[in-house]
Each structure stands twice: as C-alpha cells, then as structure tokens.
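Commentary on secondary and tertiary structure
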Amino acid sequence: MATAKDIRHFANAEDYTKHFIIQEEIDKYLPGGKHFIDDDLINRTLASADASPVDPVRIREILAKSEQTCETLTVEETAALMRVEDPGLFEEMRAAADRIKRKVYDNRIVMFAPLYMSNLCVNGCRYCGFREGNEAQKRRVLTMDELKEEIDVVAGRIGHKRLIAVYGEHPTTSTEYIAETIETCYARQVPAPRTGCKVGIRRVNVNAAPLPVADLKVLRSVGIGTFQVFQETYNRKLYEEMHPAWSVKGNYDWRTTCFHRCLEAGVDDVGLGVLYGLCDWRFELLATVMHARDLERWFNIGPHTLSFPRLEPASGTKVPEESPWLIDDETFARILVIARLSVPYTGMIVTARESAKSRDHVLDHGMTQLDCSSNIAIKGYSDFENEAHQEKERQQFMLGDNRSLDEMVRTLAARGTITSFCTAGYRCGRTGGCIMDALKTGREGKFCKINAVLTFREWLDDFASDSTREIGGKLIDRELAAIKEWLPRFYPTVLKQYEATCRGERDLFF
Ligand code: SAM
Ligand code: SF4
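As the structure is a prediction and not an experimental result, all values here were calculated from the model.

What counts as what
- Residues numbered from 1 in each chain as written.
- Chains lettered and ligands numbered in written order.
- Predicted model: local features only at pLDDT ≥ 70, side-chain atom pairs only at ≥ 80, totals over all residues.
- Heavy atoms only, no water.
- Domains from an automatic or database assignment.
- Contact = heavy atoms within 4.5 Å.
- Buried area = accessible area lost by both parts, 1.4 Å probe.
- Salt bridge = Lys/Arg side-chain N within 4 Å of Asp/Glu carboxyl O.
- Nonpolar A, V, L, I, M, F, W, Y, C, P; charged D, E, K, R; others polar.
- Helix = DSSP H or I, 4+ residues; strand = E, 2+ residues; numbered from the N terminus.
- Near = heavy atom within 4 Å.
- Polar contact = N/O pair within 3.5 Å; in protein donor to acceptor, adjacent residues only side chain to side chain.
- Areas by Shrake-Rupley, 256 points an atom, 1.4 Å probe, with all protein chains shown as cover.
- Buried < 20%, exposed > 50% of the residue type's maximum accessible area, 1.4 Å probe, protein only.
- Axes fitted to C-alpha atoms, helices over the stretch in contact; angles between N-to-C directions.
- Parallel < 35°, antiparallel > 145°, perpendicular 65-115°, else oblique.
- Left-handed = near helix turned anticlockwise from the far one by under 90°.
- Phe/Tyr/Trp six-rings, centres within 6.5 Å; stacked < 30°, edge-to-face > 60°.

This next bit is on the domain arrangement of the protein chain. The assigned domain composition of the protein chain is domain 1 (4-33 + 100-441) and domain 2 (443-502). The interface is formed by 38 residues belonging to domain 1 together with 28 residues belonging to domain 2. Between domain 1 and domain 2, a total of about 2600 Å² is buried, with carbon and sulfur atoms accounting for 57% of that surface. For the pair domain 1 and domain 2, the interface holds two salt bridges. Residues glutamate 458 and arginine 202 are paired through a salt bridge, measuring 3.1 Å at the closest nitrogen-oxygen approach. Class assignment of the residues belonging to the side of domain 1 that touches domain 2 gives a composition of 19 nonpolar, nine polar and ten charged.

Here it is, written out as structure tokens:
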C-alpha cells in the first residue's frame, strides 16, 4: 500500500499513478461494479422532467418537505425544481432557500481564506494553470519558514482564523508535507495589530487530491478540518476528456470514491464541489445529490459543505473561455437556490473567483461561506504589499472579488449579517454525524450565534477599522439582546465570556 512516505520515491506521473491508486479502496464502494453516479438515471430524469409541465402545487410540496425536514431531496424532486421558469414561483423557491439557510445557519456568514501551498502538479487538467507542461507557470512549494510568513499576514495582519489550504498533486507535496503544513499553521501565534493579543489559525481545511485511507488517517491525526475535493465534472466522458488517462486524476472512480474513504478514515467533514462551466449544470447538480445520498446511505453523514467554483481564466489554456457550458450570473444564482433546497443542511461556499457583483447578488440565495482579502499566488500574501495584487503566472486562475475582509465585514454588518470567525464546532467534536441532526433541527444555528458573537468581538477589537468596529459593535448589541431573549437563564454565562473577551481574553467558546 502507498503511504505518505513512500510516494516521494516515484519519479513521474505514470509511476506515481500505478502505485498510488488502491483498487480495493475503490471497489469497496462500488459493489457489483455499479457506480452510485447513475448517468442513465440522471439523463432519463432530466428528459422526463423536460417532458412534463411544471406543477406549482408539486413544487410547493417539495419546498415544504425541504424546509420542514431538512433532508436531502431525491433526484426527481431536484429535477422538478430545475424546471421552474416562472419568476413568481422561482421567487418562492429563493425565499424558501433563504429561510432554510437562516434556520440552519441563522444570520451568519462564515469567513475563511485560501492559502496555496504549492503549484507543482503531476496532472494535466486542461482548464488549470497548474497543469504539468504549462511552461508559463512559475513553480514553487512553500517551505515551512515561508508558510510562517504567509500565516503572519493571513492571521496576524488580516485576522483570518480559518484556512483552506490548497495543494497541487505532486510527490513534493506528499501527505507528510500536507500534515506538516497543517501543524505549522496551528502552531504559529502572532500579536494582533490593535491589541497585541496572540492570534492564529484555528481551523485548517484542505483542498487536495484524493488520498488512500491510511493517508487520510495521518491528516486526521494532525487535526484536519474539512477535506475538500472538487469532482470538476460528474460526466464520465467529459471527465476523461479534461483529465488525460495517463494522469492520476484521470481515474474517475478514485476521485468519486474519495469521500467514502474520508468517512471510513474518520475525516468526517467532507466538502464536495463541481467546476461549473465544464458541463451541463443540471447534470452536475443531480449527480451532486446522488453523491450526497450515497454518502448518507453508507455513513449517515452528508457533505459538510458544497462549493460552487465557476471556470475562470487561467494561464496557458483556452478552456475557460471556450467551454460550451459556461453559465451566466443568473444561472449561477439559480444553481445556489436549488442546491440549498436539495441538500438543506449543508454549508455552501462561494469563493472570490466570483465578481463582487455576483457575490453580493447571491448573499440571500442560501450561501453560507465567503473568503475575502484573498491572494492565491504562491507566497502571495507575504510577497505583495497590496493584498489585491494578482499575477497570472503565479496563480491557478484569476480572482474576481478583491474586496478586503474589513470592507466585507462592514458590508455584511450593515445588512444585519454577522461574520463568523468561529471554529469551535470541530474542536468540540461537533463534526460529521454529531452535527447533522443539530443542523437539520436548527439547534446548531442558534448555538453558534453565541460563538459567532465572541469571535466577532475578538476580530473587531484586534483588526477592524474604526468605521467597521462601530457598525459591528451595534450589530453585537442586537445579537446579545436576541440571545438574552432566547436563553434568559444562560445569558449571564454568555455575558461573562463576552466581557472577558472585551478585556482581551481570547478563544473562549461554548
Ligand atoms: N490539485 C488538487 C485537485 O485538483 O484536486 C487540489 C485542488 S486544485 C489546486 C483546486 C480546484 O481549483 C480544482 O479542484 C478545480 O476545481 C479548481 N480550478 C482549477 N482550474 C480552475 C479554473 N480555471 N477556474 C476556476 N477553478 C479552477
Ligand atoms: Fe493539478 Fe489540481 Fe490543477 Fe488539476 S486542478 S492541474 S490536479 S492543481
């Protein structure tokens, strides 16, 4: 079996592929050779939905089911929602999606930052600037000292607590390397600019290539948060066109079974995603629902998050401009609404790939997580004085929303949305199956409000500009009043922790 250590000895992609993919770990989750992504069923469902008229009564029944149970919808129900064109009925869907988001996550938006560790890659994904053979890309793998410099900016100057660490697939970024970077992130503590309080990264999520169970256990042992792997496309034929057969990533089954291995290994927060624009979005969304349902069937745990990356321009490739399946902003917003209704309990991430206009538009379309002040160049945070600076040859693709965290926090606060820097959930063991019920019943959303207030206070005092602190402070007053009304007996305990936070104590949570 390939382990974290021995993959370093493989010289090229082919050799690496042969040794790294473990067929038994695929077969175990495709019993009888039958794949849980059933292309025929998806195509039949789409065709039959297309052939029948939209029935508003049926649509409202589906909305009520989603809202009341927070259980994953069926493929047929999701396909029915996709057919709605009438603006009035679609608005009912959007409003239901927004209510579900509030039931599950309250008025919070969770904030994170991407941190790219490397751009060396053995794969040849046709849409990606990091692919092997792209001479224009300046290659680099962060050393641990360079990573510390990055953390000093991301956590010490900007104030992020939650990272998504991103890696190319390459022997130099083995599981051992990934584990070392996670440990380095957690260990680094730096003084905050305004108060001098020690701050650092409290949750490291990872976006990397699929791994074997043994390697996933290594990441679990160092405290990985969510493990994200984007499927790119569930359409097998297109997948094979985009990912050459000689590459590790060319193995569709290894990638699609990755989360089954995660859950088997005890990495129980898993993040699914599709690269929208590669294929028909309706196919992708139905396949996502099938994927979620299969994970629920095996493990009783569904996706902790869904991500919605859209194809963006990248160095040395025309795929992002020429794909026949590119989607416009309206379709993007529609996808989010249908995803929220179909997998009601999940976190939904919309990254700074999107333009500011597109992200502002979808704030009330069911999404729950954003990144800001993002720099995705390798060593970009510490090399560029100006956070918004981008260099095509040092990054995977170009970002569309360069707003600062301070600006975004202020914008969100002005509309009554609290920016959550909370990472308490996974540190208290509220992950995987433990959190599923709490999310579905709305308990988690209320509980997290308290932690969101405490971490928001920390961030306002440690990092915010005067104007952001003022508007954020007013929002906190309203949040505390809401907690007092909701939990009158527990409120004095909350207030005690809040006052301690105001005095400079850090990382207090329930
Ligand atoms: N190398 C690993 C992999 O492919 O699974 C780790 C993640 S890769 C660095 C992060 C993700 O970026 C990919 O899964 C893909 O969905 C996305 N991506 C690649 N090229 C892109 C592009 N041109 N526009 C937007 N997203 C892109
Ligand atoms: Fe490598 Fe990931 Fe880019 Fe593919 S998407 S070339 S695997 S970094």
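Now for the environment of glycine 159. With respect to the element layout, glycine 159 can be found in the loop between helix H7 (144-158) and strand S2 (162-166). Taking the C-alpha atoms as reference points, glycine 159 and threonine 184, separated by 25 residues in sequence, lie 17 Å from one another. In this structure glycine 159 touches Val154, Phe421, Trp459 and Phe463, once residues within four positions along its chain are discounted.

In this section: the site of ligand 1. Near ligand 1 you find 20 residues, and of these Asn207, Glu232, Lys249, Arg255 and Glu312 are the closest. Between a nitrogen atom of ligand 1 and a main-chain N or O atom of tyrosine 127, the distance comes to 3.0 Å. Arginine 255 is positioned such that a nitrogen or oxygen atom in its side chain is 2.6 Å from an oxygen atom of ligand 1. If ligand 1 stood free it would expose 560 Å²; the protein chains cover 97% of that surface. Tallied by class, residues from the shell around ligand 1 come to eleven nonpolar, three polar and six charged.

A separate point is the side chain of aspartate 401. With respect to the element layout, aspartate 401 can be found in the loop between helix H17 (380-383) and helix H18 (405-414). On the accessibility criterion, aspartate 401 (2% relative accessible area) is buried. There is a polar contact of 2.9 Å between the side chain of aspartate 401 and the side chain of arginine 359. The residues touching aspartate 401, leaving out its near neighbours within four places in the chain, are Ala352, Glu354, Ser355, Ala356, Arg359 and Met408.

Residues in close proximity to ligand 2 include Cys121, Asn123, Cys125, Cys128, Phe130, Arg131, Lys249 and Gln396, which together make up its full environment. Grouping the constituent residues of the shell around ligand 2 by class yields four nonpolar, two polar and two charged.

Now for the packing of helix H9 (residues 213-221) against helix H12 (residues 258-265). Packing of H9 against H12 leaves a shortest axis separation of 9 Å and a crossing angle of 55 degrees. When the axes of H9 and H12 are compared, the pair comes out oblique. Viewed along their axes, H9 and H12 form a crossing whose handedness is right-handed. Every residue of H12 that contacts H9 at Val213, Leu216, Lys217 and Arg220 is listed here: Arg261, Cys262, Glu264 and Ala265.

Moving on: the packing of aromatic side chains. Two aromatic rings, taken as a pair, are described by how far apart their centres are and by the angle between their planes. By the definition in use, this model includes eleven aromatic pairs. Geometrically, the ring pair formed by tyrosine 116 and phenylalanine 130 is edge-to-face, given 5.8 Å between the ring centres and 80 degrees between the ring planes. Taken as a pair, tyrosine 116 in strand S1 (residues 108-116) and phenylalanine 130 in the loop between S1 and H7 lie far apart in primary sequence, 14 residues in all. Among the residues examined, tyrosine 116 registers a relative accessible area of 5% and is labelled buried. Ring centres of tryptophan 459 and phenylalanine 463 lie 6.3 Å apart, and the angle between their planes is 25 degrees; on these two criteria the pair is classed as stacked. Within this pair, tryptophan 459 and its partner phenylalanine 463 are both found in helix H21 (residues 443-463), separated by four residues, close to a single helical turn.

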